[in-house]
Structure formats: structure tokens, C-alpha cells
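For reference, the chains in residue letters:
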Amino acid sequence: MQLKEEEKMAKKMKLAVLVLIGLLVGFGLNNNGYANETAQLTTAPEVPPALNRAGGAQVTVELETTEKKGALAEGVEYTYWTFNGTVPGPFVRVKEGDTVTFNLKNSKDSKNIHSIDIHAVTGPGGGAKATQTPPGGKTAFQWKAINPGIYIYHCATAHIPTHIANGMYGLLLVEPANGLPKVDKEYYVVQGDFYTKGKTGAKGLQAFDVEKARAEQPTYVKFNAMATPGNLKANVGETVRLYVGNGGPNLTSSFHVIGEIFDTVYQLGAVGSEPAKNVQTTVVPPGGAAIVEFKVDVPAAYILVDHAIFRAIDKGAVGILEVTGNENPDVYKALKSGGADAGH
Amino acid sequence: MNIKVRLSFAAILVIPLYLTFLALQTDIAQAADEHEADHKALESSPEHETYEVKVPESKLSEVKALKNVVALNKKSLSEAKAVYTGKGTCFNCHGEKGRGDGELASSFEPPPRNFTIPGWQKVRSDGELFWVITNGTDHGMPGFGDMLSDEEKWSLVNYIRNFGKHSGLASKK
């Protein structure tokens, strides 16, 4: 009898040791950075917080393609094709060394096949080959984030230019292993050019005009065409980082913030290269992006523009960064009022 | 009845018959000419290039020998229509009536296939249609290899043939 009891105890001990080993192994793996996580996505102009962890995680990204009506200008509607219902699509943030599982769903209400080509992906079509997704369908692929930088993603289903012209693009950041320098505010802006049957300002629901698109004569040029409305905000003394993408399909942007100088620019999104300093206007080509950083010293409404200025003033490529705080006369002060009496 | 009257009757009967015969001959000859002209026009037209065989030479005989496994009936056509206007998204480019005039047609050059064109229906076998639906083309037609089942693709072949039949054509099996 006693022998049997001892055998039972020994078995229990063995089981306990196995469970303990299992727990330790599991804990150890998590500590080594092989965590599973679902990427936090944000709608422009918001950016997900910096990743406070090492690279090498297993990250899942979920996107859904949809086709929906939205405003293109006051009184002007357009049927956008989107990732997650916004233009640009959500901001995706992963880290160098992460393995990313990308799940793409195409809404059953879509009329078209959609897909995704992520410029950060090393592989066939940047993922487009694996993600041609019919309405109501789902596809997936896995890739490793090898190169840090800020990358455009876009739909790559025939006729590709039409899908892009209708708004199917967004940005994905591969943070470098040590992260980017800390800043106070981060925002997400993507420029796109749009081609409507009616002239600029013609009211009502506007159809896509492929001839104008071929001629590269947009009726509208927009920042964050169908995203969260409102101004970007910062306080005097803060450093602002803008992730600036260009979905195109056609125009190269001359991105400029009126009344500011970019202290730092990762030109063409080339994280890892020596950034440029003291830049007034930076080029952002279609299918490309840049990261600009600047400290805001003076309160004002700073206007983001494509400095090919007809696009800004006449076609809509305008955004506002609202900076509040104390005046800083050492840096800037008006010397004479421009009031109604001026000149009289 | 004298001979003159008889001859007159014969003439009254024979002359219209002869004229009818001549007219028919002309019609037949004209039809043949038109048929030949169609072929010549097709061969010399800029569209002729788009009638080129899409299937690689090495696979052509195998593909042409494929037989449609889906029966042609109301039920299968109705299912095919659901694919054509639904997840297959065919209508966006090829149009609801198969005339190649869908909403996105103008984005493509050459334009999407007009399934009602007699010449095209004649030169394409069912197997080739199935192959193109599966693999796509260099002109922007996506391959549906992973997106549709074989049964759905064969149903679409029937549905495409139906566009031809509606324009008075028989399919080429």
C-alpha cells in the first residue's frame, strides 16, 4: 500500500515539474520578444504610440476594403474605395524584425476585387499576389519587416491606377530597432489627387473621370481626403513629427508648412540615412513618403500645402496645424498692425 | 386555250419565279461576301490582336480539349449570374449584358471583351474561356484561380456563351 502511495506522489511531482517547466518556457519566450500582438491601427491624422518593445514580435494586422460615399469638397460627393473606410487607410506601426501576418478582408458590399501592395514587403507584388480578394472574401500573407522606414501601401488590383485614384492607399511605419527619437506630437498626412467628371466645385455625386486621370489633370488635390476632420494641434515649445505620404496616383508633392522650417527631414522616408536639416519644402513622390520634424516656437495656424500652389489654393491641398501657447516675440513679432486704418 | 394564251400564262408564272431565284442567288452571294468580309475585317482590324490566343502554345491543345462539366440549365445560369454580378465582379468591366461596357470599361486599353461579338465567340473554345478566367490576361483581366471554384468558372463559361446566343450565335464547343 505504502509503495503505491509513494508512486502516486512521484507521479504528481513529475506532473508539477512538467507544468512548471512549461510555464517557465512560455514566460521565457514572451520575455525574448516573441509576443503575439494585434497591431493598433489609427485613422489619419492620428498615429499609434511608439512601440515600447524590441523587434521580433509576431504581429497581426487586420484590414478591410470597402467602397463608400464621402465628401470630396463642400457639396461634392465621391465614391471612395478604401482601406477600413477612410482615405488614407489606417496607419500601421510595426518594428524592424517583426513577423507580420496581414489579413485582408473585402467587404461583401464591394463591387470590386481589392488587394494590398505594401512597399515595406519583400515578396511577390508586396503582398498583392497573395491578396487578390473578391467581395466577401478573405486573404492573408506573412512577411518579415526587414527594412526600417515609412512606406506607402496601396491596392494593386486591375485597373491599378483606378483603384489608387479612388483612394486606396495609406502608410505603414517600420520603426528602426532602436525606435525613432522621441517627439511630443506625431501626425499622419497623405496627399492624393482626384479626378471627377464635373469641374472643380461642381456639386453633387461626382464620378471618376479616367481621361482626366490619364491626362494627369486632377480636379481636386487633398490631404487626408476622407479621414477624421479637424486641425492638427500642438503647443508652443513642442516638437512635431509628420509622417507625410503621397498616394498619387499622379502628382509629386512639394510639401511645405507655411511659416515653419523643417528642422529634420527623413527624405523619401529613408530612415537610417542621415536626415536632412533645415528644409523649407520636401518632395514626396507618388508611392513615397517622408518624415518631417520641427519644433513649434510661435503660436499660429500653420498651413500645410503642396507648394505647387494652385493645388493648394484652388484644388484643396491644404491642412492646418494649430499651435497654441504664449507669444514668443524673440522669435517673431509683428511690428505694425495691418488693421483697417493701415495706410490711411 | 390557244398557244399564245398558254405561253402568256407560263410567262406569268415563270418570270416571277425566275426573278425570285435571281434575287435569292444575289442574297446568298451577298451573305457569303459579307461573311468573308467579316472575316477579312476581323483579321485586318486593330481589334484582331485582341483575338489572339491567350493560352500558351504548349498548353493550347490540352486546354481546347477541356469539356464544360457544368450542365447548361436555368439553375446553373442563375448561379452564374450571381457570380458574374457578385464576387466575380465581371460586370464592372464586361457590363451587365456582356457588351464590354461596364462602369470601369473605359479604364482599360484594350477595352474589356465584348462577349456578344460573333467573331470572338466563334474563335474561342470553352476550354480557353475557362483558362482565361482562371489565369487572367496581360490586358488587365485578373486571374480567378484562387477566387472562384472550378464549378463557378465553368458556369461563367456557360453564362458568357449565353451572351453570344442572345446575339444569334451558336457556341463553339
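Residues numbered from 1 in each chain as written. Chains lettered and ligands numbered in written order. Predicted model: local features only at pLDDT ≥ 70, side-chain atom pairs only at ≥ 80, totals over all residues. Heavy atoms only, no water.

Asker: Would you explain helix α6 (residues 126–135) of chain B in this entry?
Answerer: Note that an α-helix has 3.6 residues per turn; residues three or four places apart therefore point the same way. Residues and elements named next belong to chain B. Counting buried positions over the 10 residues of α6 gives nine, a clear majority of the element. By the burial criterion, the buried members of α6 are Asp 126, Gly 127, Glu 128, Leu 129, Phe 130, Trp 131, Val 132, Ile 133 and Thr 134. Following α6 by one or two positions, Gly 136 has its phi on the positive side, about 75 degrees. (Buried < 20%, exposed > 50% of the residue type's maximum accessible area, 1.4 Å probe, protein only. Helix = DSSP H or I, 4+ residues; strand = E, 2+ residues; numbered from the N terminus.)

Asker: What should I look at first to understand the nonpolar core in this one?
Answerer: Grouped burial of nonpolar side chains is what soluble globular proteins tend to show. Judged by nonpolar contacts, the single largest core of 59 residues is most densely connected at A:Phe102, A:Ile118, A:Trp143 and A:Leu172. Membership of the second largest hydrophobic core comes to 27 residues, among which are A:Leu242, A:Phe255, A:Val265 and A:Val284. (Core = buried A, V, L, I, M, F, W, Y, C linked by side-chain atoms within 4.5 Å.)

Asker: Honestly, the sheet that holds strand β20 (residues 300–306) of chain A in this entry has me stumped. Any pointers?
Answerer: In sheet architecture, strand pairing relies on hydrogen bonds along the backbone and comes in two forms, parallel and antiparallel. All names here are of chain A. Taken in spatial order, the five strands line up as β13-β21-β20-β15-β18 in an open sheet, and their pairing is mixed. Both edges of this open sheet fall to β13 (232–235) and β18 (281–284), since each of them pairs with a single strand only. Averaged over all neighbouring strand pairs, the angle between strand axes comes to 25 degrees, with direction disregarded. Direction of pairing for strand β15 (residues 253–258) relative to β18: antiparallel, over a ladder of four bridges. When the sheet's bridge partners are listed, His 256 is paired in β18 with Thr 281. (Pairing = 2+ DSSP bridges. Axes fitted to C-alpha atoms, helices over the stretch in contact; angles between N-to-C directions.)

Asker: Looking at this structure, how should I read the pattern of salt bridges?
Answerer: Between side chains of opposite charge, a pair can form when the charged atoms approach closely. The full count for this structure, using the stated rule, is 19 salt bridges over all chains. Of the charged contacts in the structure, one is a salt bridge between B:Glu103 and A:Lys111, with a shortest N-O distance of 2.9 Å. In this pair, B:Glu103 is assigned in the loop between α4 (90–94) and α5 (118–123) and A:Lys111 in the loop between β5 (99–106) and β6 (117–118), connecting two distinct chains. With relative accessibility at 62%, the residue B:Glu103 sits in the exposed group. In this structure, A:Arg241 and A:Glu293 form a salt bridge, with 2.7 Å as the shortest nitrogen-oxygen distance. Taken as a pair, A:Arg241 in strand β14 (residues 239–248) and A:Glu293 in strand β19 (residues 288–295) lie far apart in primary sequence, 52 residues in all. Here A:Arg241 matches A:Glu293 in class, with each residue buried. Shared partners join several salt bridges into a network, and the residues in it are A:Arg93, A:Lys95, A:Glu175, A:Glu186, A:Arg241 and A:Glu293. (Salt bridge = Lys/Arg side-chain N within 4 Å of Asp/Glu carboxyl O.)

Asker: It is not clear to me how the pairing of β15(A) should be interpreted in this structure. Could you clarify?
Answerer: Two faces belong to every sheet, and in a regular strand the side chains alternate between them. Bridge count between β15(A) and β20(A): four bridges; the pairing is antiparallel. If you follow A:Phe255 over to β20(A), its bridge partner there is A:Asp306.

Asker: For this particular structure, what's the right way to read the interface of chain B and chain A?
Answerer: Think of interface size as the accessible area that goes away when the parts come together; that is how it is often given. The partner chain A presents 14 residues to the 15 residues of chain B that form the contact. Carbon and sulfur atoms make up 63% of the area that chain B and chain A hide from each other, which totals about 1,100 Å². The largest per-residue losses of area from chain B upon contact with chain A belong to B:Leu104, B:Ser107 and B:Met147, which jointly make up 40% of the total buried on that side. Run the count over chain B and chain A and you get one salt bridge. At the junction of chain B with chain A, the criterion picks out seven residue pairs in polar contact (both at pLDDT 80 or more). (Contact = heavy atoms within 4.5 Å. Buried area = accessible area lost by both parts, 1.4 Å probe. Polar contact = N/O pair within 3.5 Å; in protein donor to acceptor, adjacent residues only side chain to side chain.)

Asker: Can you walk me through the sheet that holds strand β10 (residues 185–194) of chain A in this structure?
Answerer: Residues and elements named next belong to chain A. Read across the open sheet, the six strands follow the order β12-β10-β14-β19-β16-β17; overall the sheet is mixed. Edge positions in the open sheet fall to β12 (220–223) and β17 (276–279), since each of these has one partner strand only. Going across the sheet, the axis of each strand differs from the next one's by a mean of 25 degrees, ignoring polarity. As paired elements, strand β16 (residues 262–266) and β17 share three bridges and run antiparallel to each other. Along β17, the bridge assignment pairs Thr 264 with Lys 277.

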